[in-house]
Amino acid sequence: MESPAGRAPTPGALPYYVAFSQLLGLTVVAVTGAWLGVYRGGIAWESALQFNVHPLCMIIGLVFLQGDALLVYRVFRNEAKRTTKVLHGVLHVFAFVIALVGLVAVFDYHRKKGSADLYSLHSWCGILVFVLFLAQWLVGFSFFLFPGASFSLRSRYRPQHVFFGAAIFLLSVGTALLGLKEALLFQLGTKYSAFEPEGVLANVLGLLLVAFCAVVLYILTRADWKRPLQAEEQALSMDFKTLTEGDSPSSQ
């Protein structure tokens, strides 16, 4: 794909994969809302429907918005690095706040019902995801947005940040699948094996979650789709290489 002078070209297939990921993500959110609305009575805070706030918020926050935050560096390839960083961080903030609402909703619902907390594999994985997500954001903010971090420190930590971002996203989707299966078994019991319409719709939702995760991770792992270094980033990279390896820009 052609680009104006001074701008890195966008790989031809990348916009289509990104558009497909957004279609999948929005469909996941819509199907989640349809499942809760048609089969679970909708959502509300001060009623028995409070529990339904939890899956909707977690899907929007820790799946859809987190996936979009990971794609920021693939979509905005020629914008200023600082602007892209801020957008990446802000999307994670929105994801965290929405997920926090979902977490409060389920704990408050269990308290009102007198139900036990944190006994299932889904709940253990959910707490792990939430803690890792918060830690990842705080460390990322300290290293990449806070002005005090050195370039060398950022460069050394960046591969770990990228890895843990993808790993937390993958764990978020896996936890959502565990929660979906748990909800179906609680609600349908043995009727789940009789191809109840709710079970079929929830299974479709599960497949959509897997598809969204797969497309996002595919986009992230394509080496030729990485955001190209801008001129100032290349200069900083060369300076860092000179300081750490004793090379000079003229020797490259």
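Calculation notes
Every chain's residues receive numbers from 1 upward, in the order its sequence appears when written. Given that the model is predicted, a residue must reach a pLDDT of at least 70 before its local features are reported, and side-chain atom pairs must reach 80 or more before they are shown or counted; all residues, however, enter totals for whole chains, interfaces and linings. Where side-chain values are given, they derive from all heavy atoms of the structure, hydrogens and water being excluded. For our purposes a nonpolar core is just a set of buried Ala, Val, Leu, Ile, Met, Phe, Trp, Tyr and Cys residues, chained together by side-chain atoms within 4.5 Å. Only protein chains enter the calculation, and the probe is 1.4 Å; a residue is then buried if its accessible area is under 20% of its type maximum, exposed if over 50%, and partly exposed in between. The way it works is that DSSP assigns letters per residue, a run of H or I at least four long becomes a helix, a run of E at least two long becomes a strand, and they are numbered from the N terminus. Between Lys or Arg on one side and Asp or Glu on the other, a salt bridge is scored when a side-chain nitrogen of the former is within 4 Å of a carboxyl oxygen of the latter. Here the expected length of a helix is defined as 1.5 Å per residue gap, with one fewer gap than residues. Throughout, a contact is declared for two residues whenever any of their heavy atoms are within 4.5 Å.

J.: Please clarify how the nonpolar core should be interpreted in this entry.
T.: Soluble, globular proteins show a tendency: their nonpolar side chains are buried together. In this structure, Ile59, Val63, Phe169, Leu209, Phe212 and Ile219 are the most contacted members of the largest nonpolar core, which totals 46 residues. Considering every element that reaches this core, the biggest residue donor is helix α2 (residues 53-75), with 11 residues.

J.: What's the story with the pattern of salt bridges in this structure? I'm lost.
T.: Where side chains of opposite charge bring their charged atoms close, a pairing between them can arise. Under the defined criterion, the tally for this structure stands at 5 salt bridges. For Asp108, the salt bridge goes to Arg111, with nearest N and O atoms at 2.5 Å. Highlighted residues: Asp108 and Arg111, both in helix α3 (residues 81-113), separated by 3 residues, approximately one helical turn. A relative accessible area of 16% places Asp108 in the buried class. Through salt bridges with shared partners, a single network forms among Glu46, Asp108, Arg111 and Lys112.

J.: Looking at this structure, I do not really get unusual backbone geometry. What am I missing?
T.: For residues besides glycine, phi is generally negative; the peptide bonds are generally trans as well. Look at Leu118: it is not a glycine, yet its phi comes out positive at around 55 degrees. One can find Leu118 in the loop between α3 and α4 (121-145). Here Phe195, not a glycine, exhibits a phi torsion of approximately 55 degrees, which is positive. Here Phe195 lies in the loop between α5 (151-188) and α6 (197-221).

J.: Got a minute to help me understand helix α1 (residues 14-39) in this structure?
T.: Given 3.6 residues per helical turn, the α-helix brings residues three or four places apart onto the same face. Here α1 contains 26 residues, and its C-alpha end-to-end distance of 37 Å stays within 8% of the 38 Å for a straight helix at 1.5 Å per residue. Taken together, the buried positions of α1 are Leu14, Val18, Ser21, Leu24, Gly25, Val28, Val29, Val31, Thr32, Trp35 and Leu36. Buried-residue contacts for α1 involve α2, α5 and α6. Gly41 sits one or two residues past α1 and shows a positive phi near 85 degrees.

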